[in-house]
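Commentary on secondary and tertiary structure
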Amino acid sequence: MKLKRLLKRLILLFFGIFVFGYHASAQIITLKGKVSDEKGLSIPGASVKIKGTRNGTITNTQGTFTIDCNGPVILSVSAIGYTAKEVKVSNTNNVNIILAEDNKTLSEVVVTALGIKRDKKVLTYSSQEIKGSDLVQGKDPNLVNDIAGKVSGVQITSSSGSPGSSTRIVVRGASSFYGPNDALMVVDGIPIDNSETGNLNSGPGSSRIADIDPSIIENINVLKGAAATALYGSLGANGVIIITTKTGSTNKKPTINFTSDFSFENPLLPQIQSKYAQGTNGVYYNGDDMKTSTSWGPLMDTLKINGQPAKKYNQSDLFFKTGHTYNNVFSVNGGGAASNYYISYSNFNQQGTVPTTKFLRNSVFAKYSAQVLPNLTTTFQLNYTNSQNNRLPEGYALESPVWTIFTAPISYNLLPYKNADGTQRLYRYSRNNPYWVLDNISNKSGVNRFLPTFTADYKPLRWLSVTERFGADVYAEQDRYHEAAQSVSNPTGRIVVNNTNFRQFNNDLMVSANHQFGDFNIDGVIGSNIYSQYTETAYANGVGLSVADLDNISSASTVTFIENQYNIRKIGFYVQSNVEYKKFLILSLTGRYDGSSVLSTAHNFYPYGSVATSFIFSEFFSKEFQDIMNLGKFRISYATVGGSNVAPYSLTTPYISQSKDYIIRNISFPYNGQAGFLLSPTLGNPNLKNERINEFEAGFETGFFNNRISLEASYFAKKTVNGLIPGVSIAPSTGYDGTTVNTGIMQNRGIELLLNVVPVKTKDFTWNMTINYSRIRNKVLAIDGDLQQIGNGFTTIIVGQPYGTIYGTRYARTAQGQLRIDASGLPYADADQGIIGNINPDWTGGIANNIRYKQFNFSFFFDVKKGGDIQNNVDGYGYFYGTPKVTENRGLRVVPGVSDATGQANTIAVDGQTYYQRINGVTESVIQDGTYIKLRNVSLGYTVKPSWLRGGPFKAVNFSVTGRNLWIHAPHFTGGDPEVSSFGSSNGSQGIYSFSVPTSRSVDFSMKLAL
């Protein structure tokens, strides 16, 4: 009986345990959910925890999450920049959570190096973000130009007004003597090429960033200092422009957007005289049987031709036309519960102000993201662009039509451009007729470009993620220059063909972790990078065209062909750790170890690193005081980065092909039909190593009245050492005339200020204002030993002077600085050249205003530059021709100065022609202060009320009108636009204005529809 009762009790016990266990297991459910903002956009990285437990997770890139729970629970949900929220969950296994933006903190998520998203509040370095909507609002086809003036510490210079022309972007001043100084462009974590290509004659080419359609960009974040860019190693030495493209929305039906823009452009012209005819010393030359290049003839108002008053020809108005730009963008975005997509097509067509010039771009962009597994998300995107560019020679080349238009006499009709016998009709003995150029000279380029990217994010643990990102930049470019026979510069005609194949691959494998240890929050990244770049060019130059109107190099009687291949490979290993203590003290450590194939085995691996800290002292404020000052932060950092700006195969001395008719030891090449090769006269240096930049940065950030007022101030000091200096002379006894050395030293110091103010903020009316200011000082500390100066294009590198010094012919002056005057009453050039200018501005700034009233939006943006000298060659050559506006004053004048003959003040009067043709030979006479205030952008838009669209097919309708360059005040500059460098974006092409296609003043009309 006892055994029986015992068995019965055991059975009841096991049955009870089974029922209890079954009941308990039945209560454990897998809860799925999504965290979004008030606009329906997903919030990645949001923290989701079960209140009262340690059980929690974070949302993936689509904002979704899964978590196991037991019965009804309360979820605590928080995200950077949003107000935390608690949500009760019961009787469901799927929940959607909406978080409101937290306007009481400065928190905002920004994309930093390697595509890592971080809270801006805890950043230990300076960065500045620009929204994609601000870029599109600017209506410039080149997205870099839309950044101009908006970011402190960044200087952007356009090269020309010709469609598709290059743009230079430099962050915190030049750091490399001869290597690239432009910032690195990164699209969704993948570095892309931004070389200047496409021009086979004088003038600028195109920056390859022009292939990117601005409408696909969500935002741009500019990483300025070395601490911000250290993770990129040598690639990020000059600052990094982080471009993040748009993404589709999960759980959203397809939304179709269509935007159409149309704009008019009118050229900004230099000041040209309109009073005097062709001739010299007041005598009229008709340009037919009496030819001359000058316009020092009689007054047009007194001139009669065949008994009739002479007709004036405004050469610029007759030649330049109103440019037109059409831009149509069609996009679709949406997604399901675990995927999203964004697809865009754009057609851009810009017809330039110079006839026959144009830039066409067709771009397709597609991005698809999917949550393949609960802890695996993949993203694939592809950007394909086909661009076509037609341009003409610019600058002072004989083929440049702009030169002839700006210097042509107003008394001569340039049309027709042909004589009766078919030859060119010219008013002078050289230079092509500009209208002949339009029909007989062309410079065309075509580019097909692919930018594929694949990203996989895997989260094996809640606090651990692995990211694999592979991307490529592949393009093929075909450039063709054709110059018909009878050209002044090439009478027998010329054809140039240049084909380029470019391939760049980048792969990053990263492991990141984030964990909370009591009062410490630690996140870290460790990863590796593989980078390779291959460039292949085939250049053919043909002269002596045998068949008229045949644009084929096979018609050339003599063809010279050059073929080059370059291969660069880099590998890198990097680690970053950020330690946050009680949300007020942050320590950031970064290290990277790079290897480069272009350096010697003794120097091809080199370390970089940074240490930075932030102290958020506002965390100690009382709640009452935080309502007034909601953010107070100090930050300080030190970093060392650098660039391996060594050209491929520079370590050894290569053999180079000898040109036609080259003679050595009585042997002429080609010899018996065989090409000849000799060692290059430039000796290779096998000991070259990477340049290095050491930078210190300190900053201060504040926010007041819930960020109605915020201020960011930064000071930086960076120093370049081991600067690469090519072309340094060596003893001729070596058999070589120069080599490359690692001896340059240069420094940059500056301050940056950024002020954001919201003066008014109500339900119907909001006014946002942003002001930025930058002041940068540069100095060259050493070149090579006792070498004090070395050439650099249109500027000169001089020890003790800023990088970008203009050195050339100057006036002869007395010890007191007065002009010295010769016996004829004219100033003259000093026997020795000297420093005559500095292209660097004293400071730059910008003021942007955005005002919204109900459905209306009005914005305007002023850009300011103080100082920065420009060599105005349009005036310089024009002084000889008598074409600048200032030469209209042709009466006698006494030039202020000291007479060499008497030692007293000059009293000898000279006429205008004599005076201007004398100073034409003194470069100092055309160095002008480039100070300007520019109303760069004005925009007025109207969004139709949603209530008016009910029952119709449209979800949103917007109309806007935008003006660019509507007003420019440049009191000391007589050219059209002081923000231009006529020969491109290279280091040596800056600070010169020389017969480039004028930039434009434009008005754009836009319509945007959403279905």
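Residues numbered from 1 in each chain as written. Predicted model: local features only at pLDDT ≥ 70, side-chain atom pairs only at ≥ 80, totals over all residues. Heavy atoms only, no water.

1. Observations concerning the overall build of the protein chain
Scanning the protein chain for helices and strands turns up nine helices and 60 strands. If you line up the protein chain on its principal axes, its C-alpha atoms span 140 × 75 × 65 Å. The buried share of the protein chain, taken over its 1011 residues, is 54%. Within the protein chain, counting contacts between residues at least 6 apart in sequence, those at least 24 apart form 68% of the total. Separation between the mean location of the 90 positive side-chain charges and that of the 73 negative ones in the protein chain comes to 10 Å. (Helix = DSSP H or I, 4+ residues; strand = E, 2+ residues; numbered from the N terminus. Buried < 20%, exposed > 50% of the residue type's maximum accessible area, 1.4 Å probe, protein only. Contact = heavy atoms within 4.5 Å. Lys, Arg positive; Asp, Glu negative; His and termini not counted. Charge placed at Lys NZ, Arg CZ, Asp CG, Glu CD.)

2. Some remarks on empty space enclosed by the protein
Here the structure, examined in full by the defined rule, presents 10 cavities of 30 Å³ or more. The calculated volume of the largest cavity comes to roughly 550 Å³. Residue assignment for the lining of the largest cavity shows that the elements contributing at least two residues are β25 (339-351), β26 (358-373), β57 (932-943), β58 (956-969) and β60 (1000-1010). Looking at the lining of the largest cavity element by element, the count peaks at three residues for β57. A class-by-class count of the residues in the lining of the largest cavity yields four nonpolar, 21 polar and 10 charged. Empty space within the second largest cavity amounts to approximately 60 Å³. Every residue along the wall of the second largest cavity is listed here: V187, I190, I192, T245, F365, Q381, N383, L451, P452, T453 and A472. At the level of secondary structure, the elements contributing two or more residues to the lining of the second largest cavity comprise β14 (190-192), β27 (376-391) and β28 (441-461). Here the lining of the second largest cavity is built from residues that sort into seven nonpolar, four polar and no charged. (1 Å grid on protein atoms, 1.4 Å probe; cavity = no way out; pocket = protein on both sides within 12 Å on 5 of 7 lines; lining within 4 Å. Points joined across faces, edges and corners; volume = space filled by probe spheres on them. Nonpolar A, V, L, I, M, F, W, Y, C, P; charged D, E, K, R; others polar.)

3. Quick look at helix α8 (residues 873-881)
For α8, the tally of buried residues reaches seven of nine residues, placing the bulk of the element in the interior. Looking only at α8, the buried set comprises N873, V874, D875, G876, G878, Y879 and Y881. Among the structural elements, α5 (401-407), β52 (869-872), α9 (912-919), β56 (927-929) and β59 (992-993) are those in contact with the buried residues of α8. The N-terminus of α8 is capped by N872, whose side-chain oxygen sits 3.1 Å from the backbone nitrogen of V874. (Polar contact = N/O pair within 3.5 Å; in protein donor to acceptor, adjacent residues only side chain to side chain.)

4. A closer look at unusual backbone geometry
Of note, the bond from L415 into P416 is cis; its omega dihedral lies within 30 degrees of zero at 0°. Within the secondary structure, P416 is located in the loop between α5 and α6 (434-440). Non-glycine residue L114 carries a positive phi angle of around 65°. Position of L114 among the secondary structure elements: in the loop between β8 (109-111) and β9 (117-119).

5. What to know about the side chain of Q990
On the secondary structure map, Q990 appears in the loop between β58 and β59. For Q990, a relative accessible area of 7% corresponds to the buried category. Within the structure, the side chain of Q990 is placed 3.2 Å from the side chain of S981, a separation counted as a polar contact. If we skip the residues at most four places from it in the chain, Q990 touches T157, R168, F794, T795, I839, S981, G984 and S985.

6. Brief notes about the pattern of salt bridges
Pairing between side chains of opposite charge can happen when the charged atoms of each approach one another. Inspection of the entire model under this criterion finds 31 salt bridges. The residue R208 makes a salt bridge to E477 at a minimum N-O spacing of 3.9 Å. Of this pair, R208 sits in the loop between β16 (206-207) and β17 (217-223) while E477 sits in strand β29 (residues 464-483), and the two are 269 residues apart along the sequence. The class of R208 is buried, set by a relative accessible area of 2%. In this structure E477 comes out as buried when scored by relative accessible area, which is 1%. (Salt bridge = Lys/Arg side-chain N within 4 Å of Asp/Glu carboxyl O.)

7. Overview of the layout of surface pockets
Its volume calculated, the second largest pocket comes out at about 1,500 Å³. P180, D193, S195, Q533 and N645 are the residues nearest the centre of the second largest pocket, which is lined by 45 residues in total. Counting only elements with at least two residues in the lining of the second largest pocket, the list comes to β12 (167-171), β13 (184-187), β14, β15 (196-197), β30 (494-517), β31 (520-545) and β32 (556-581). A per-class count over the lining of the second largest pocket returns 18 nonpolar, 22 polar and five charged.

8. Examining a nonpolar patch on the surface
Side chains of L587, L589, V611, I636, Y638, F696, Y715 and I751 sit close together on the surface and give an oily, nonpolar patch of about 640 Å² of accessible area. Among the elements of the structure, β33 (585-596) and β35 (629-641) are those that each provide at least two residues to the nonpolar patch. Relative to the assigned elements, L589 resides in strand β33. Look at L589 and you get partly exposed, because its relative accessible area is 40%. (Patch = residues over 30% accessible without salt bridge, like charges linked within 9 Å, V, L, I, M, F, W, Y side chains within 5 Å. Areas by Shrake-Rupley, 256 points an atom, 1.4 Å probe, with all protein chains shown as cover.)

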